[in-house]
Amino acid sequence: MISFGVLGAGRIGKVHARTIAGSKQARVAYLADANAQAAAELAAEVGAKVASVEDIIKAKDVDAILIATPTPTHADLIEAGSEAGKAVLCEKPVSMSVERIKACLKVVEQNGTNLMIGFNRRFDPNFASIEQRIRKGDVGDVELVTVISRDPAPPPVDYVKSSGGLYRDMMIHDFDMARFLVGEEFVTVQALGAALVDPAIGKAGDVDTAAVQMQTASGKIAVITNSRRATYGYDQRVEVHGSKGMLSARNIQNTTVELANEKGIMGDPVLHFFTERYVEAYANEVKAFIDGLAKGVSARPNGFDGLQAQKLADAATTSWQTGKPVKLA
Ligand SMILES: NC(=O)c1ccc[n+]([C@@H]2O[C@H](COP(=O)([O-])OP(=O)(O)OC[C@H]3O[C@@H](n4cnc5c(N)ncnc54)[C@H](O)[C@@H]3O)[C@@H](O)[C@H]2O)c1
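Report follows, based on the coordinates. (Residues numbered from 1 in each chain as written. Predicted model: local features only at pLDDT ≥ 70, side-chain atom pairs only at ≥ 80, totals over all residues. Heavy atoms only, no water.)

## Side note on helix α12 (residues 279-295)
Next up, step 1: Across its 17 residues, α12 extends 24 Å between first and last C-alpha, which sits within 8% of the 24 Å expected from 1.5 Å per residue.
Next up, step 2: For α12, the complete set of buried residues consists of Ala 281, Tyr 282, Ala 283, Glu 285, Val 286, Phe 289, Ile 290 and Gly 292.
Next up, step 3: Where α12 terminates, the next one or two residues include Gly 296, which has phi positive at roughly 75°. (Helix = DSSP H or I, 4+ residues; strand = E, 2+ residues; numbered from the N terminus. Expected span 1.5 Å × (residues − 1). Buried < 20%, exposed > 50% of the residue type's maximum accessible area, 1.4 Å probe, protein only.)

## With respect to the packing of helix α4 (residues 74-83) against helix α5 (residues 98-110)
Next up, step 1: Taken N-terminus to C-terminus, the directions of α4 and α5 make an angle of 10°; their axes are 9 Å apart at the nearest point. As the angle between them shows, α4 and α5 are arranged roughly parallel. Facing α4, whose interface residues are Ala 75, Asp 76, Ile 78, Glu 79, Ser 82 and Glu 83, α5 presents Arg 100, Ala 103, Cys 104, Val 107 and Val 108.
Next up, step 2: Counted by class, the contact of α4 with α5 contains six nonpolar, one polar and four charged residues. (Axes fitted to C-alpha atoms, helices over the stretch in contact; angles between N-to-C directions. Parallel < 35°, antiparallel > 145°, perpendicular 65-115°, else oblique. Contact = heavy atoms within 4.5 Å. Nonpolar A, V, L, I, M, F, W, Y, C, P; charged D, E, K, R; others polar.)

## Some words on α5
Next up, step 1: Between the first and last C-alpha of α5 there are 19 Å, a value that for 13 residues agrees with the 18 Å anticipated at 1.5 Å per step.
Next up, step 2: Turning to α5, its buried residues are Val 98, Ile 101, Cys 104, Leu 105, Val 107 and Val 108.
Next up, step 3: Between the side-chain oxygen of the N-cap and the backbone nitrogen of Glu 99 there are 3.3 Å, and the N-cap of α5 in question is Ser 97.
Next up, step 4: Once α5 finishes, Gly 112 follows within two positions and takes phi at roughly 60°, a positive value. (Polar contact = N/O pair within 3.5 Å; in protein donor to acceptor, adjacent residues only side chain to side chain.)

In short, geometric facts, not functional conclusions.
Listed below in structure tokens is the structure:
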């Protein structure tokens with residue numbers, strides 16, 4: 001039985017703690033949150049004891065730490081968990097600073113820590129199937145990858161101000177998806193962006209509508225488009241075009257019911273947001289981490305994947321700001 005210490009009982013901490021508690025191979029031994037009530041409620045639900053972050057990291061009867069606290073705490077907590085000899089599953093991103101991620105990954109490497117970063121979309125059954133079929137050769141050589149990602153509605157402007165900007169906050173998942181599907185590193189990044197949804201987002205120095213195109217050294221191209229608004233729900237689609245064909249994953253609707261009449265054929269809106277759309281992905285992610293620990297297999301996506309996605313997010317931000325393509329080593 002793998003014993004987890006869960007740090008953070010907020011939106012995503014709850015989702016992960018429930019998955020661990022439902023696993024036959026793992027349990028939530030301890031849980032910490034800066035908000036005592038949030039900690040107590042979730043601990044009672046998943047059968048854990050409430051403890052401080054420091055005590056959980058030191059605890060001899062904890063094998064793995066799950067970090068679901070706010071982003072500025074991640075790198076310090078990964079390092080603390082790593083120094084204490086624990087395996088770590090940390091929510092994305094490791095840090096908003098590429099330099100801080102590099103320093104953190106040195107500690108992880110020195111201690112040989114099994115670290116997974118929460119790029120949950122790799123575990124979505126549809127996107128995971130696309131990646132497996134690419135590797136099987138179903139579309140031959142990958143030439144063009146398109147990733148479409150649109151939120152149902154923009155976040156509050158206060159959130160935007162501390163988010164690091166759309167490329168780091170929202171598109172970070174799509175950078176990871178593009179790397180996952182293409183299977184090569186991108187060396188050129190070119191971004192466009194605008195505030196077309198909410199002028200207040202523009203005033204805060206960010207964009208709510210963006211397109212990024214990227215190219216690998218061998219010439220493969222990925223195109224990502226993001227919007228902070230989609231009237232029909234959380235729009236999450238992927239298309240991979242290759243020498244032998246095309247793989248694509250459509251949106252998932254609330255039901256498969258359609259109304260057909262003289263105006264046409266009308267279906268349901270797509271699943272509303274990430275908590276609905278990625279239920280299976282979040283569960284599969286935590287299960288994959290637990291399975292890996294049980295089998296002694298290194299986790300993926302790992303710290304390097306976190307670093308590469310952050311580099312692409314930085315490059316896209318710079319490209320949008322300067323209006324020029326950015327080359328990566
Ligand atoms: N992979 C995904 O799809 C996904 C989705 C949502 C959030 N996230 C990431 O997860 C992290 C948490 O996001 P959230 O939406 O759950 O936030 P949240 O605000 O709902 O939850 C964070 C929790 O951490 C607690 N907390 C804050 N500082 C703490 C500290 N120093 N020690 C212990 N507890 C502390 C807060 O009281 C709160 O309960 C963020 O880094 C975010 O980027 C990832």
